[in-house]
Amino acid sequence: MTTLTHRSRRVEAAGGGKQQQEEEGTGWRDSLEDEGEKGDCKDLRLTLMEEVLLLGLKDKEVWHHWGWGLGYAPTGDVLLDEALKHIKVTEPAESVQSWIELLTGETWNPLKLHYQIRNVRERLAKNLVEKGILTTEKQNFLLFDMTTHPVTNTTEKQRLVKRIQDGLLERWVNDPQRLDRRLLALIVLASAADVLENAFASLADERYETAVTRSRELLDCDPEAEACKPGALEMIWAVMAAFSKA
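Residues numbered from 1 in each chain as written. Predicted model: local features only at pLDDT ≥ 70, side-chain atom pairs only at ≥ 80, totals over all residues. Heavy atoms only, no water.

- By the naming in an unreviewed UniProt entry, the protein goes by Golgi phosphoprotein 3-like and is assigned to Acipenser ruthenus.
- Taken from UniProt, the Sequence similarities (unreviewed entry) comment for the protein reads in full: "Belongs to the GOLPH3/VPS74 family." (UniProt positions renumbered as here; feature names shortened; annotations may be inferred.)

Right, here's the structure in full:
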């Protein structure tokens, strides 16, 4: 499982029928969306993948187009619907870990390369441009021009960082099952993408250590044991288990 690096090294960082499956799939998506919206500004609604990408960008950093890669009812999000379409038509069903490998292209099976979702980071960046968080510019790199996406809306980035900090500090509940589910999913994904520590960079040393310790406690949980507890959102723990085995 991905763990946080020492701060001194990163100090510069700021099984049922189809209908039942669709209902269950809609349920876990709704639970993530609803909890994530409580108390947040509703002018902009970012997907978890967009939040992970934004968290990985420094406020003055320019992102360029180089590769990156990570129920079945339509969600309205193009990338998620593309992934769900693959999952829906595939028989026999694959495991969560297998789907992560297939959709990100990390598979050695040439017959399954068509599962890979291409240009993920570029497409996420374009979504953030449309939402006014990034912008698009052309920059000259020696002999060629390259499309870049500088951060323009630092307010949304600060809101995202504050939500993570508050969840691990002021609103800490010391129980994964009581933690805001969208926040838990964001912490799992941000850790796997190695950008979680960016949310702690602005904290004073004591609060930084507390946030790091608590995030480690979450990430060191036994996913199988947590998934078996009443009311657990099994999908989050399945994803965590897949990343821990990677």
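The rest of the description comes next.
**Quick word on the overall build of the protein**
Then comes step 1: Per the secondary structure count, the protein includes 10 helices and 3 strands.
Then comes step 2: Start at the N end of the protein and walk to the C end: the helices and strands fall as α-α-β-α-α-α-β-β-α-α-α-α-α.
Then comes step 3: Per-residue burial over the protein gives 41% buried out of 246 residues.
Then comes step 4: For the protein, the exposed area adds up to about 13,900 Å²; of that, 51% sits on carbon and sulfur atoms. (Helix = DSSP H or I, 4+ residues; strand = E, 2+ residues; numbered from the N terminus. Buried < 20%, exposed > 50% of the residue type's maximum accessible area, 1.4 Å probe, protein only. Areas by Shrake-Rupley, 256 points an atom, 1.4 Å probe, with all protein chains shown as cover.)

**With respect to the pattern of salt bridges**
Then comes step 1: Taken as a whole and judged by the stated rule, the model has 11 salt bridges.
Then comes step 2: We note a salt bridge from Arg159 to Glu51, for which the minimum N-O separation is 3.9 Å.
Then comes step 3: Given a relative accessible area of 2%, Glu51 falls into the buried group.
Then comes step 4: Each of Glu51, Glu156, Arg159, Arg163 and Arg182 takes part in salt bridges that share partners, so that together they form one network. (Salt bridge = Lys/Arg side-chain N within 4 Å of Asp/Glu carboxyl O.)

**Looking at the packing of aromatic side chains**
Then comes step 1: Applying the stated criterion across every chain, the model contains 2 aromatic pairs.
Then comes step 2: Their ring planes at 85 degrees and their centres at 6.5 Å tell us that Phe200 and Tyr208 sit as a pair that is edge-to-face.
Then comes step 3: Exposure remark for Tyr208: the relative accessible area of 3% places this residue in the buried category. (Phe/Tyr/Trp six-rings, centres within 6.5 Å; stacked < 30°, edge-to-face > 60°.)

**So, unusual backbone geometry**
Then comes step 1: The amide bond that connects Glu91 to the next residue, Pro92, takes the cis arrangement and shows omega of -5 degrees.
Then comes step 2: Inspection of the secondary structure puts Pro92 in the loop between helix 3 (78–89) and helix 4 (96–103).
Then comes step 3: The backbone phi angle of Asn174 is positive, close to 55 degrees, even though this residue is not glycine.
Then comes step 4: Looking at the secondary structure, you find Asn174 in the loop between helix 6 (154–168) and helix 7 (181–192).

**Structural notes on the pairing of strand 2 (residues 137–141)**
Then comes step 1: Examined bridge by bridge, strand 2 and strand 3 (residues 144–150) share 5 bridges and lie antiparallel to one another. Bridging from a neighbouring strand, Gln139 pairs with Met146 of strand 3.
Then comes step 2: A loop of 2 residues connects strand 2 with strand 3, the two strands running antiparallel in sequence, and Leu142 in this loop sits at a positive phi of about 55 degrees. (Pairing = 2+ DSSP bridges.)

**Overview of the packing of helix 2 (residues 48–55) against helix 5 (residues 120–130)**
Then comes step 1: One way to put it is that helix 2 packs onto helix 5 with a least axis distance of 10 Å and a crossing angle of 90 degrees. Here helix 2 lies roughly perpendicular to helix 5, going by the angle between them. Note on element contacts: helix 5 touches helix 2 through Val120, Arg121, Leu124, Ala125, Asn127 and Leu128, opposite Met49, Glu50, Leu53 and Leu54.
Then comes step 2: Partitioning the contact of helix 2 with helix 5 into residue classes produces 7 nonpolar, 1 polar and 2 charged. (Axes fitted to C-alpha atoms, helices over the stretch in contact; angles between N-to-C directions. Parallel < 35°, antiparallel > 145°, perpendicular 65-115°, else oblique. Contact = heavy atoms within 4.5 Å. Nonpolar A, V, L, I, M, F, W, Y, C, P; charged D, E, K, R; others polar.)

**Quick notes on the packing of helix 7 against helix 10 (residues 234–245)**
Then comes step 1: Packing of helix 7 against helix 10 brings their axes to within 10 Å, and their N-to-C directions diverge by 15 degrees. The pairing of helix 7 with helix 10 is recorded here as roughly parallel in orientation. Regarding helix 7 and helix 10, the two cross each other, and that crossing is left-handed. On helix 10, the residues touching Arg181, Leu184, Ala185, Val188, Leu189 and Ala192 of helix 7 are Ile236, Trp237, Val239, Met240 and Phe243.
Then comes step 2: By residue class, the composition of the contact of helix 7 with helix 10 is 10 nonpolar, no polar and 1 charged. (Left-handed = near helix turned anticlockwise from the far one by under 90°.)

**Details of the environment of Ile164**
Then comes step 1: Its location among the elements puts Ile164 in helix 6.
Then comes step 2: Through-space distance from the C-alpha of Ile164 to that of Leu196 is 9.1 Å; in sequence the pair is 32 residues apart.
Then comes step 3: In this structure, Ile164 is in contact with Leu55, Leu183, Leu186, Leu196, Ala199 and Phe200, ignoring residues within four places of it in sequence.

**Observations regarding the nonpolar core**
Then comes step 1: Core analysis: the largest hydrophobic core is formed by 55 residues, its most contacted members being Leu55, Ile164 and Phe200.
Then comes step 2: Elements supplying a minimum of two residues to this core: helix 2, helix 3, helix 4, helix 5, helix 6, helix 7, helix 8 (205–219) and helix 10.
Then comes step 3: Of all the elements, helix 7 adds the most residues to this core, at 8 residues.
Then comes step 4: When residues of this core are assigned to domains, at least three map to each of domain 1 (64–152) and domain 2 (153–245). (Core = buried A, V, L, I, M, F, W, Y, C linked by side-chain atoms within 4.5 Å. Domains from an automatic or database assignment.)

**Here we look at helix 6**
Then comes step 1: Here helix 6 contains 15 residues, and its C-alpha end-to-end distance of 21 Å stays within 8% of the 21 Å for a straight helix at 1.5 Å per residue.
Then comes step 2: Counting buried positions over the 15 residues of helix 6 gives 11, a clear majority of the element.
Then comes step 3: Sitting at the amino-terminal end of helix 6 is Asn153, which places a side-chain oxygen 3.1 Å from the backbone nitrogen of Thr155. (Expected span 1.5 Å × (residues − 1). Polar contact = N/O pair within 3.5 Å; in protein donor to acceptor, adjacent residues only side chain to side chain.)

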